[in-house]
Every structure is written in structure tokens, then in C-alpha cells.
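# Chains, contacts and geometry: an overview
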Amino acid sequence: MDYAFGYLNMHRVSLGVVGFNRRALRFYEKVGFKQEGIQRDGYYHDHAYHDFVMMSILEDEFRAMQQKEGIGA
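Reference entry: report on the structure contained in this document. Bear in mind that the values here come from a model prediction, so they are computed numbers and not experimental data.

## Things to note about the sheet that holds strand β3 (residues 48-58)
Within a sheet, each strand pairs with its neighbour through backbone hydrogen bonds, oriented either parallel or antiparallel. An order of β1-β3-β2 is seen for the three strands of this open sheet, with the pairing classed as antiparallel. Pairing within the sheet leaves two strands with one partner each, and these edge strands are β1 (12-18) and β2 (34-45). In this sheet, adjacent strand axes meet at a mean angle of 25° when their direction is disregarded. Relative to the sheet, helix α3 (residues 59-68) contacts β2 and β3, its axis offset from that of β3 by approximately 70°.

## Observations regarding the pattern of salt bridges
Side chains that carry opposite charge are capable of pairing whenever their charged atoms lie near each other. Scanning the model with the defined rule gives two salt bridges in all. Here R12 and E36 are joined by a salt bridge, their closest N and O atoms 2.7 Å apart. Of this pair, R12 sits in strand β1 while E36 sits in strand β2; the two residues are 24 residues apart in sequence, bridging distant segments of the chain. On the accessibility criterion, R12 (36% relative accessible area) is partly exposed.

## Here's the deal with unusual backbone geometry
A positive phi is found at N9, a non-glycine position, where the angle reads about 55°. Topologically, N9 is positioned in the loop between α1 (2-7) and β1.

## Things to note about a nonpolar patch on the surface
Residues Y3, Y7, L8 and M10 make up a contiguous nonpolar surface patch of about 450 Å² in total accessible area. Classification of Y3 by relative accessible area gives exposed; the value is 51%.

## Points about the nonpolar core
Among the nonpolar cores identified, the biggest contains 12 residues, and these are A4, F5, V13, L15, V17, A24, L25, F33, V53, M55, I57 and F62. Looking at this core, the elements with two or more residues in it are α1, β1, α2 (22-30) and β3. Residues contacting A4, with those up to four places away along its chain left out, are N9, M10 and V13.

Cut-offs and rules
Residues numbered from 1 in each chain as written. Predicted model: local features only at pLDDT ≥ 70, side-chain atom pairs only at ≥ 80, totals over all residues. Heavy atoms only, no water. Pairing = 2+ DSSP bridges. Helix = DSSP H or I, 4+ residues; strand = E, 2+ residues; numbered from the N terminus. Axes fitted to C-alpha atoms, helices over the stretch in contact; angles between N-to-C directions. Contact = heavy atoms within 4.5 Å. Salt bridge = Lys/Arg side-chain N within 4 Å of Asp/Glu carboxyl O. Buried < 20%, exposed > 50% of the residue type's maximum accessible area, 1.4 Å probe, protein only. Patch = residues over 30% accessible without salt bridge, like charges linked within 9 Å, V, L, I, M, F, W, Y side chains within 5 Å. Areas by Shrake-Rupley, 256 points an atom, 1.4 Å probe, with all protein chains shown as cover. Core = buried A, V, L, I, M, F, W, Y, C linked by side-chain atoms within 4.5 Å.

Following this line, the structure appears as C-alpha cells:
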């Protein structure tokens, strides 16, 4: 995210995660991503439909998290 916000000067980074991938969901929340919405049955895998979770983080949220954790600016 340093690269996205620092070098590329992005304002927002977004991603999508399959709802059954609990480990990824926990990780992204831990690093500051917030859930924006769910595409119900948006992903088909292994003969079943699953929800697709959309998440994002804004630059100011990322910077605040860095500052809170004492990580370089």
C-alpha cells in the first residue's frame, strides 16, 4: 500500500474476496480495509455459488493506521 499511496499517488485501493476465504477477510480487515458491500452469489466455485465481498481502504485511513502503529510516514 506504500507503493499505491506513496508512489502512484492513489486515493483509494479496492479488492474483492470470496466470502468463504475467512483468513483473507480477517487479514484485510487487520491491515485497515473496510467492507463496502457483498455481491450475493457473485462467485461460482466447486458447483456452488458464493458471496463476493468488496473491500477498500482510503489513503487517509492508511496514513492514520501507520501513524497509530508508529510506522514511518
